[in-house]
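Structural characterization, general
Spelled out, the chains give:
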Amino acid sequence: MKKVFLLILITLGLQQTNAQLFSKERVQNLQNFDKPRFSWGYILGFNSYDFNFDYNNEPEGQEPYLDQDVQVNTSVGFSVGLLGNMRINDYLDLRLEPMVTFTQRDLTFSGPDFIDQSETFREVRSTYVHLPLLLKISTKRLNNFKPFIVGGVSTSFNLSSNEENPDDNFAGEFRMTTSTSYYEIGFGVDFYLYYFKFTPSIRGIFAMTDELVRDNDPNSPWTGGIDKMATRGVFINFTFQ
């Protein structure tokens, strides 16, 4: 009997929630908010960057490494940025989201050529100026929220890349390219609050270019066995308009 009573309460609760979310009689906040051609906002968020490695089967002039996998330890970083939105119609928007992101990745190399354990570890701290151009595809607004998907391309400039540094891993310096191109895809929900629109979203980024700057020695135990190193990452953003 208790189970039946609990089931009835849950059913009534779900019906009440459904009525609140989808009832056409509910008062909409910010009814004309999406009408202007252009709108602006700011972004705060978190990020987690990773690397994806492709390896050479046989580095030039050497036997294949016994174990050439590079282990990546990721951490949570911080992002801050601005939003420029151009309305195309009720369902399409073009968005520019320039951001500054801060992140850190720790790399652990392995192979038979390393003598000291300190040689296998590299701390990669990066500060990116990230410039995505995105197409936002929304559903019809449902009372005070509107789900959407978003995708596009972006480029970033790594202010901590060390690309022009003449020192390489033999001197303890890990080097990356300064600029990188990505494609991005994600989803989110617009919430129309009483005074402003709040948008949480999650987005994946995937580098299309190789970011590794090789050591001067082509047989380097750090970079000689790597064919491509490309960033992949996740952004969790909170947008305020």
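Look above for the structure.
Bear in mind that the values here come from a model prediction, so they are computed numbers and not experimental data. (Residues numbered from 1 in each chain as written. Predicted model: local features only at pLDDT ≥ 70, side-chain atom pairs only at ≥ 80, totals over all residues. Heavy atoms only, no water.)

What follows concerns the overall build of the chain. In terms of helices and strands, the chain carries one helix and ten strands. Beginning at the N terminus, the succession of helices and strands in the chain can be written as α-β-β-β-β-β-β-β-β-β-β. The buried share of the chain, reckoned over its 241 residues, is 38%. Look at the contacts in the chain between residues 6 or more apart in sequence, and 72% of them connect residues 24 or more apart. For the chain, the exposed area adds up to about 13700 Å²; of that, 60% sits on carbon and sulfur atoms. (Helix = DSSP H or I, 4+ residues; strand = E, 2+ residues; numbered from the N terminus. Buried < 20%, exposed > 50% of the residue type's maximum accessible area, 1.4 Å probe, protein only. Contact = heavy atoms within 4.5 Å. Areas by Shrake-Rupley, 256 points an atom, 1.4 Å probe, with all protein chains shown as cover.)

Another aspect to go through is the pattern of salt bridges. Under the criterion given, the structure shown has eleven salt bridges. Residues D34 and K197 are paired through a salt bridge, measuring 3.1 Å at the closest nitrogen-oxygen approach. Separated by 163 residues along the polypeptide, D34 in the loop between α1 (2-22) and β1 (38-55) and K197 in strand β9 (residues 197-207) bring together distant segments of the chain. Between R125 and E123 there is a salt bridge whose closest N-O contact spans 3.1 Å. Take R125: its relative accessible area is 53%, and that puts it in the exposed class. Looking at E123, the relative accessible area reads 44%, which means it is partly exposed. Through salt bridges with shared partners, a single ionic network connects D34, K136, K146, D190 and K197. (Salt bridge = Lys/Arg side-chain N within 4 Å of Asp/Glu carboxyl O.)

What follows concerns the nonpolar core. If you look at the biggest cluster of nonpolar residues, it comprises 23 residues, and the most contacted ones within it are F53, L107, F109, F174, M176, I226 and M229. For this core, the elements supplying multiple residues, two or more each, are β1, β5 (99-108), β6 (121-138), β9 and β10 (226-240). Beyond its immediate chain neighbours, meaning those up to four positions away, M176 contacts F51, R105, V124, S126, Y128, N158, S161, N162, E163, E211, V213 and M229. (Core = buried A, V, L, I, M, F, W, Y, C linked by side-chain atoms within 4.5 Å.)

Let us look at the environment of Y55. One can find Y55 in strand β1. Overall, Y55 belongs to the partly exposed group, its relative accessible area being 23%. In the structure, Y55 is positioned 170 residues away from G225 in sequence and 5.7 Å away in space, judged by C-alpha atoms. Among the polar contacts listed, one links the side chain of Y55 to the backbone nitrogen of V70, at a separation of 2.8 Å. (Polar contact = N/O pair within 3.5 Å; in protein donor to acceptor, adjacent residues only side chain to side chain.)

Let us now look at unusual backbone geometry. The backbone of L30 sits at a positive phi, close to 50 degrees, despite the residue not being glycine. With respect to the element layout, L30 can be found in the loop between α1 and β1.

The next point concerns the pairing of β9. Two strands pair when backbone bridges link them, and strand β8 (residues 179-192) and β9 are joined in this way by nine bridges, in the antiparallel orientation. When the sheet's bridge partners are listed, G188 is paired in β9 with S201. In this antiparallel pair of consecutive strands, β8 and β9, the connection spans four residues. Taken together, the nine bridges between β9 and β10 define a ladder with antiparallel strand orientation. Along β10, the bridge assignment pairs P200 with F238. (Pairing = 2+ DSSP bridges.)

So, about the packing of aromatic side chains. If you walk through the whole model with that rule in mind, you get twelve aromatic pairs. Seen from their ring centres, F198 and F240 are 5.3 Å apart, and the 45 degrees between their planes marks the pair as tilted. Of this pair, F198 sits in strand β9 while F240 sits in strand β10, placing them 42 residues apart in sequence. Judged by its relative accessible area of 22%, F198 falls in the partly exposed class. You can call F240 partly exposed: its relative accessible area is 21%. Here the aromatic cluster, defined as three or more aromatic residues joined through ring pairs, consists of Y42, F196, F198, F238 and F240. Stacked on the ring of F51, the Lys or Arg R105 has its end atom at 3.9 Å from the ring centre. The ring of F148 is capped by K136, whose NZ or CZ atom sits 4.6 Å from the centre of that ring. (Phe/Tyr/Trp six-rings, centres within 6.5 Å; stacked < 30°, edge-to-face > 60°. Lys NZ or Arg CZ within 6 Å of the ring centre and 35° of its normal.)

Positionally, T120 belongs in the loop between β5 and β6. Among all residues touching T120, those that are not within four sequence positions of it are L107, T108, F109 and F114.

Everything listed here is a matter of geometry and, on its own, says nothing about what the molecule does.
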